Each structure stands twice: as C-alpha cells, then as structure tokens.
Amino acid sequence: MTEKYNKIKKIYEGKAKKLYTIKGKPDLLLQEFKDDATAFNAQKRGKILNKGIINCELTTFIFDYLSKRGIKTHFVKQISPNEMIIKRLKIVPIEVVVRNIAAGSLLKKTRFKEGHKLAKPIVEFYYKDDALGDPMISDSHAIAMKIATESDLKALRQMAEKINIILKPFFLKRRLRLVDFKLEFGKDKGGKGRIMLGDEITPDTCRLWDAKTNRKLDKDRFRFDLGGVNEAYAEVRKRITGGK
Ligand code: TMP
Ligand code: ASP
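Here we summarise the structure given alongside this text. None of these values were measured; they are calculated from a predicted model.

Definitions and cut-offs
- Residues numbered from 1 in each chain as written.
- Chains lettered and ligands numbered in written order.
- Predicted model: local features only at pLDDT ≥ 70, side-chain atom pairs only at ≥ 80, totals over all residues.
- Heavy atoms only, no water.
- Helix = DSSP H or I, 4+ residues; strand = E, 2+ residues; numbered from the N terminus.
- Near = heavy atom within 4 Å.
- Polar contact = N/O pair within 3.5 Å; in protein donor to acceptor, adjacent residues only side chain to side chain.
- Areas by Shrake-Rupley, 256 points an atom, 1.4 Å probe, with all protein chains shown as cover.
- Pairing = 2+ DSSP bridges.
- Contact = heavy atoms within 4.5 Å.
- Axes fitted to C-alpha atoms, helices over the stretch in contact; angles between N-to-C directions.

**Observations concerning unusual backbone geometry**
- The residue asparagine 50 is not glycine, and still its phi comes out positive at about 60 degrees.
- Take asparagine 50: it is sitting in the loop between β5 (44–47) and α1 (51–67).
- We note that aspartate 134 has phi near 45 degrees; this positive angle belongs to a residue other than glycine.
- With respect to the secondary-structure elements, aspartate 134 resides in the loop between β10 (117–127) and β11 (136–137).

**Things to note about the environment of isoleucine 8**
- Position of isoleucine 8 among the secondary structure elements: in strand β1 (residues 7–13).
- For isoleucine 8 and phenylalanine 224, which are 216 residues apart along the polypeptide, the C-alpha to C-alpha distance reads 38 Å.

**Brief notes about the site of ligand 1**
- Not every one of the 13 residues close to ligand 1 is listed here, only the nearest: Arg99, Ser105, Asp180, Lys182 and Arg207.
- Contact between ligand 1 and arginine 99: an oxygen atom at 2.9 Å from a side-chain N or O atom of the residue.
- In the model, an oxygen atom of ligand 1 is placed 2.6 Å from a nitrogen or oxygen of the serine 105 side chain.
- In the complex, the protein chains occlude 75% of the 450 Å² of accessible area that ligand 1 would expose alone.
- Counting residues per element, the ones that place at least two in the shell around ligand 1 are β9 (94–101), β12 (176–183) and β15 (206–210).
- With three residues, the top contributor of residues to the shell around ligand 1 is β12.

**Re the sheet that holds strand β8 (residues 90–91)**
- One open sheet holds the three strands; their spatial order is β8-β13-β14, and the pairing between them is antiparallel. In this open sheet, the two edge strands, each paired with only one partner strand, are β8 and β14 (195–197).
- Judged from the two bridges that link them, β8 and strand β13 (residues 185–187) form a sheet pairing that is antiparallel. Opposite lysine 90, over in β13, you have lysine 187 as the bridge partner.
- Across the sheet, helix α4 (residues 150–173) is in contact with β13 and β14; its angle to β14 comes to roughly 30 degrees.

So, in structure tokens, the structure goes:
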C-alpha cells in the first residue's frame, strides 16, 4: 500500500525550497522544490522553467546514488514530481564548498584563472548567515561560535571529499565536468544523531560544464545573464535522468 503523507504546517520557506511537517511523522519532513531562483543573497530574483521538478528529480537520483555508495543522506523517497520526504535534521549552519576547477569566488581569492585545474580539490567552509552574507570561515571560527565541534568538522570534510570522489566520474560519464559544488549537512534525532548529507545537489548548487566545450550548464547562466537558462537545466536533466 502506498503511504499517505499529509502536510501539516510549513516550517521553513527558503529561496528555492519549502519544508513542511507531516501528520503522525515527527522524524520526517516534506521538502518541496520551487521554480524560484535567486542570486547574490536574493538581490536578483527570477524563475527557471520546471526547476522545482528538475531539481527534485536530480536530487532524488543523486542522493540515491550516493547512499548506495555509503553516504548517509536525509533522503527517504520522492512522492510527487517536486516533493520528497526527508529525515528531519538539525542543520549544521556551515556551507561546505568543494572545488575541482577554479571558478566563481575562488577567482577573487587567488590568482587562478577560470578553468584552471586545481592540483588538489579545495574544501571551504562558509558560515550560513544571510545577514552576514555567508562569510568564509576557518575551523577555529566554527569551534569558537560553537556551531560545530572538531569531530563534526572532520566528518564534514571527509564526507565532502568522498562525495566529490563519487560524483566527479558520475558527472563525467554524463559528459559534465564537476567544477565545484556546495553541500549542507545535519544531524537526525533532534541534533543528537549522526552527521548526514541534507539539502540538495542540483545545477543551483553545482557548477557543471559541458565536458567537451566547457559550456556552463548551471545557475551561473542565471546569475550572470548568460541566456539559455531553462535549456541548460533541461539539458542536465536529460543527461542525468533522461527526464524520466
Ligand atoms: P562560489 O564560487 O560563488 O563561492 O560558489 C561555489 C559553489 O557553491 C558553486 O557551485 C555554487 C554554490 N553556491 C551555492 O550553492 N549557494 C550559494 O549561495 C553560493 C554563493 C554558491
Ligand atoms: N543562494 C544565493 C542567493 O542568495 C544564490 C546563489 O548564488 O547561488 O540568492
């Protein structure tokens, strides 16, 4: 029998997703993906055609792929084209960025030119705080602010590196170069459980370039008005799920 999940209350609405509690299931949440797109801390706003459906489908596919390879994630099941059931996590307020190729904000911090292949992947931590503009932080900032322990940070770094090792060939097989990406993690059991991967993995949160031409097929097309935004999302969907 297929289980029914009845939304009770919206507990969070972010720039790209909404979260609802579910009747009779306190340990789970319903995550709904929106078509809305924002950039530069929501100074730029718009919509991307079918983004909610595409990002839900891609996150489902990728989180399932990762969990089959030993990565603990919050994903439980997809219940509609743009909705999924997830474990309720207490989110660690750190955005973990992994970079394989120089692009984006790294170009402002180093002398690397866009497209430079990094000798070793870079892992960075950003403090998730819109009012501060998500500043980059070090381990000691995170520990001083008590947003994570030393062992949490070790787990974040190890999981991010492992996810990168799994996803680089995953995307390359689909003719996509994984330039960089952002991950979020949390703990289940009201923050007392183990660290697991949360949020989403989509063209909103990854830089993906065509492996042959280096054409950008991600949210940079929206951020920097490059045109062909809807087509880029549709192309990534086609290459990964076949737009099932
Ligand atoms: P950055 O080069 O602008 O620091 O971005 C690094 C990666 O993180 C890139 O793949 C896009 C992703 N990202 C987000 O998912 N959310 C954000 O708010 C920002 C700034 C970047
Ligand atoms: N999350 C960013 C925003 O604040 C968007 C981005 O650049 O990905 O709107």
